[in-house]
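Examining the three-dimensional arrangement
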Amino acid sequence: MRLWQFFDAMAQRIYFIIGTDTGVGKTVFTALLTRRLREKEVRVAALKPLCSGGRVDARVLRAASGHVLSLDEINPWHFRAPLAPLLAARLEKKSVKLREVISHIQQVSQRFETVVVEGAGGLRSPLGENFDAQDCLLALRATPILICPNRLGAINQVLLVLNSLPKSVAKKLQIVLVSPRFPNTASRSNLKLLAEFIEPSHLHVLPWICETKKLRLDQRIRKKLDKIIVAVTGARASAGTRP
């Protein structure tokens, strides 16, 4: 296999979940996607390399993966303070380097067909010394999936992320709007307006999911996830932004 073929194969099987902010549903989506891939008999693992303020998210992903990895393999770097990982690590006089994170993800990826990686915070939130989620995404050549609450302000948040990414990566970006419990004018109109800037095949809406049911897969959610899986698999062949 030639070097470019190796990187292309890796890009197809590492999905990086980014968010427009913290607390937008990245963990819920990562867990649901992982469970759905397992239902399809894909050998998949979910990772959250960095956590701060507790390891609840990592435990959720471990359960969603079927306990195929230890908690420390899913989440090698964890810090007590509920701050950006960079600051939380510094409080404990620790540091995390980009090459360490990338090396860990690549090692895990050799054991599975697909690896779903959840970032921490937003796209540009500092994760370690001199790197953020975007740096991880680019270093891995992963396929990005953006999670954004479907509410007032979503248009601006999505376009800011899209414009922050290099064009070659932005073309692969899949966008998932997470519906609110009670739809409103903004949530009902965001998708249509975003379609004026982004190819509709790259836009998805996930139903509202009650916190107590965040790992439950009903038929409605399965259909949404299947559409996303198909789009992600073929994302490299289509353009995310319109010319």
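Remember, it's a predicted structure, so these values are computed and weren't measured experimentally.

Description of the pairing of strand β10 (residues 203-206)
- Inspection of the sheet shows strand β9 (residues 174-178) paired to β10 by 4 bridges, in the parallel sense. Paired with Leu-177 across the bridge in β10 is Val-205.
- Once the chain exits β9 it traverses helix α10 (residues 185-194) before rejoining the sheet at β10, and the crossover so formed is right-handed.

Considering the side chain of Lys-48
- With respect to the secondary-structure elements, Lys-48 resides in the loop between β2 (44-47) and β3 (50-52).
- Once residues within four sequence positions are removed from consideration, Lys-48 is found in contact with Thr-27, Asp-57, Leu-61, Ile-74, Asn-75, Glu-118, Gly-119 and Ala-120.

A closer look at the side chain of Arg-55
- Within the secondary structure layout, Arg-55 lies in the loop between β3 and α3 (56-64).
- Not counting residues up to four positions away in its chain, the partners in contact with Arg-55 are Leu-71, Asp-72, Asn-75 and His-78.

Topic: helix α8 (residues 154-164)
- Inspection of α8 places Ala-154, Ile-155, Val-158, Leu-159, Val-161 and Leu-162 among the buried residues, and these make up the whole buried set. One side of α8 carries all its buried residues, which in axial view fall inside an arc of 160°. The exposed residues of α8 that point more than 90 degrees off its buried face are Leu-160 and Asn-163.
- Where α8 is buried, its residues contact β1 (14-19), β8 (143-149), α9 (167-170), β9 and α10.

Definitions and cut-offs
- Residue positions within a chain follow its written sequence, with the count starting from 1.
- Totals for whole chains, interfaces and linings use every residue, but because this is a predicted model, local features are given only for residues with pLDDT of at least 70 and side-chain atom pairs only at 80 or more, for both listing and counting.
- For side-chain calculations, the full set of non-hydrogen atoms in the structure is used, while hydrogens and water are omitted.
- Here, strands pair whenever DSSP counts at least two bridges between them.
- The numbering of helices and of strands both runs from the N terminus, where a helix is a DSSP run of H or I of at least 4 residues and a strand a run of E of at least 2.
- The handedness of a crossover follows from its direction of travel: if, with the strands pointing away from the viewer, the path from the first strand over the helix to the second runs clockwise, the crossover is right-handed.
- What makes two residues a contact is simply this: any of their non-hydrogen atoms within 4.5 Å.
- Only protein chains enter the area calculation, which uses a 1.4 Å probe; residues under 20% of their type maximum are buried, those over 50% are exposed, and those in between are partly exposed.
- The reported arc concerns the directions from the helix axis to the C-beta atoms and nothing else.

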